[in-house]
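Architecture and fold: a report
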Amino acid sequence: MEFDDELYNKIKFIILKNSLDYEKARIETVLSKLISSNPNLRTDIKRIIPYLNKEIDKINSLRKEDKIELLKKMDQNYGVSKDKKNIKDGFTLPPLINAENGHVVTRFPPEPNGYPHIGHAKAAIIDEEYARHYNGKFILRFDDTNPLNEQSEYYDVILEDLNWLKIKPDIIKNTSDDITLLHKYGQELIKNNSGYICTCKPETIHKLRSSGIECECRLNSTNSLEKMDKFFNGYFHKNEAIVRFKGDMKNDNTAIRDPTLFRIIDTEHPRLGRKNVIWPTYDFAAPIEDSLDGVTHALRTKEYELRNQLYREILTALNLRIPEVLEFSRLEFEGMPVSKRKIKPLIVNKQIHSWDDPRLPTLKAFKKRGFTPEAIRKFVLSLGLTLSETKPSIEVLESFNRKIIDREAIRLFFVRDPWEITLENSTIKEILLQNHPSLEMGRRIIVVKDSVYISSVDAKNLTKGSEIRLIEFSNIIINEIDREKKELKCKITNNIINKDIPKIQWVSTENSVPYKIVKPHMLFINDDFNPNSLEIITGYAESFVSTLLTDTMVQFIREGFCRIENNNTSIFAHK
Ligand SMILES: [Zn+2]
């Protein structure tokens, strides 16, 4: 059978996608997808089916990695010709499948269980970009159905950080707002025989799941309505009963082996207090909320890949609309894990200060270092919707940020581990320095009396009689060196012609303040906490720095770009 290229690619794409979502592509699903996007093929079904079957067999026999590879290649091409006319200038993400202008609804569903990190920024930015691009709606939904992890503080911080990223949700809601509705769907699932109450012990459940055996409760579940009423009326206590999905206990995808849909958690909830103890799992709440909220395109990180099948099966069992599910790779940087399991213990054990510690990948930490929301957005969009598991280099984010802050950062001198130079023939001088080498950002006056500081790195190489240039000031000749006291005596020469001599930065002792730069390094090396991950660089800076407001960006020449924290401290951003 002959197809044009676009149709051929579309068929291949649907089969690949389907076979990745469900392990094996099925003719019914592929056909319905194909026809819903190309209704005119309806009349050709008889001719298409044999071709589809052949393609499905071919693709089902591929290794998973090869399927992903193929899909990745196609994702860039697929739909481009069809949707090109919709792409506005500057929109760089691939078009969404089955997206209609004005009807796209996306959502960002964080759990309020910690501070948002760079991975959250990626999800929220991509979701919002799509909603805006298609003139649709963007929902922020707090997925708060586990009171053991959730705290009021985290709802606020998420709102604050999204606001910082300039992300404006059209709707803000909590999954816990719908708790009664979720209970109702849970009961419906049991009534239509797709779920059951399991009263096995947690150890038994675990054992049977790993060996793929159905428990007694499932086998006798057809008449479990009485148990269901007891469960939802609070008859059971913690660990005595759960609601499970009737999946497939033999499925290679263990996410389908009768997962938990509701469990009893008798803990104060930040929004509902103690009003409710029967809490749905994310596996149950997410698809139902997405479907009821009108979400058309649910973007999930690739870690949920195996649970996508469950997502669809739950909605199918409840006869609810199934959104398009799309995946993207999660974002984290080498040595900066985003996992709360790794970060929380470091805070508890006081190995790091708090969630905004500059070594962390939280948005608060990036903000503290002087990364701009614009740079984060550009960086995220530059990654696009890749499925690749490789971690991008943080240097890419840094280069986006550098381009932005380079225009506003004042250039200043800072010397580490200072040596003092006495200028033997000095008269008081006022030196006018430009705040920025190329932009008009004002000037500052430095008063030099009879001494300056230079950094030990420069001082160590100096020898008696050698000549150096103090940048923007004067040439000097070294007369005496006292390496123990870290002192030098020099003469200013009148000769200021540019010679090929070392050019050294300095700070006037008259106009200096003791200063500290806090410099983060990799938090983890391999899988271990790096005890040397926070460097405190001390030295002298120009006293002008103390007049700058918190959050001002400066560039300490030789050290790099930093954000002013207070009068005597700044936080290192990047070179
Ligand atoms: Zn059981």
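See the structure shown above.
Everything numeric here is computed off the predicted structure, so don't read it as measured data.

**What to know about the coordination of the zinc ion**
Ligation of the zinc ion by protein atoms is provided by C198 (SG), C200 (SG), C215 (SG) and C217 (SG), these donors lying 2.3 Å from the ion. One can describe the site at the zinc ion as tetrahedral: its four donor atoms subtend angles covering 104 to 114° at the metal. Spacing between the donor residues of the zinc ion along the chain follows C-x1-C-x14-C-x1-C. Highlighted residues: C198 in strand β4 (residues 195-198) and C215 in the loop between α9 (202-211) and α10 (216-219), separated in sequence by 17 residues. Here C215 falls in the buried class, since its relative accessible area comes to 4%.

**What about the pattern of salt bridges?**
Going through the model one piece at a time under the given rule, you end up with 41 salt bridges. Among the ionic pairs, K364 bridges to E160, the shortest N-O distance being 2.8 Å. Pair noted here: K364 is in helix α15 (residues 363-369) and E160 is in helix α7 (residues 152-164), with a separation of 204 residues, a long-range link. Under the relative-accessibility criterion, K364 is labelled buried at 18%. The partner of D356 in a salt bridge is K368, with the nearest N and O atoms 3.4 Å apart. A residue pair is termed long-range when its members are at least 10 positions apart, and D356 in the loop between α14 (340-348) and α15 and K368 in helix α15 qualify at 12 residues. D356 gets classed as partly exposed once you look at its relative accessible area, which sits at 24%. Here the salt bridges share partners, and the residues they tie into one network are R107, R141, D143, K173, D178, E289, D290 and D293.

Conventions used here
- Residues numbered from 1 in each chain as written.
- Predicted model: local features only at pLDDT ≥ 70, side-chain atom pairs only at ≥ 80, totals over all residues.
- Heavy atoms only, no water.
- Donors = N, O, S within 2.8 Å, 3.2 Å for Na, K, Ca; no water.
- Tetrahedral: all angles 85-135°; square planar, octahedral: opposite > 155°, others 65-115°.
- Helix = DSSP H or I, 4+ residues; strand = E, 2+ residues; numbered from the N terminus.
- Buried < 20%, exposed > 50% of the residue type's maximum accessible area, 1.4 Å probe, protein only.
- Salt bridge = Lys/Arg side-chain N within 4 Å of Asp/Glu carboxyl O.

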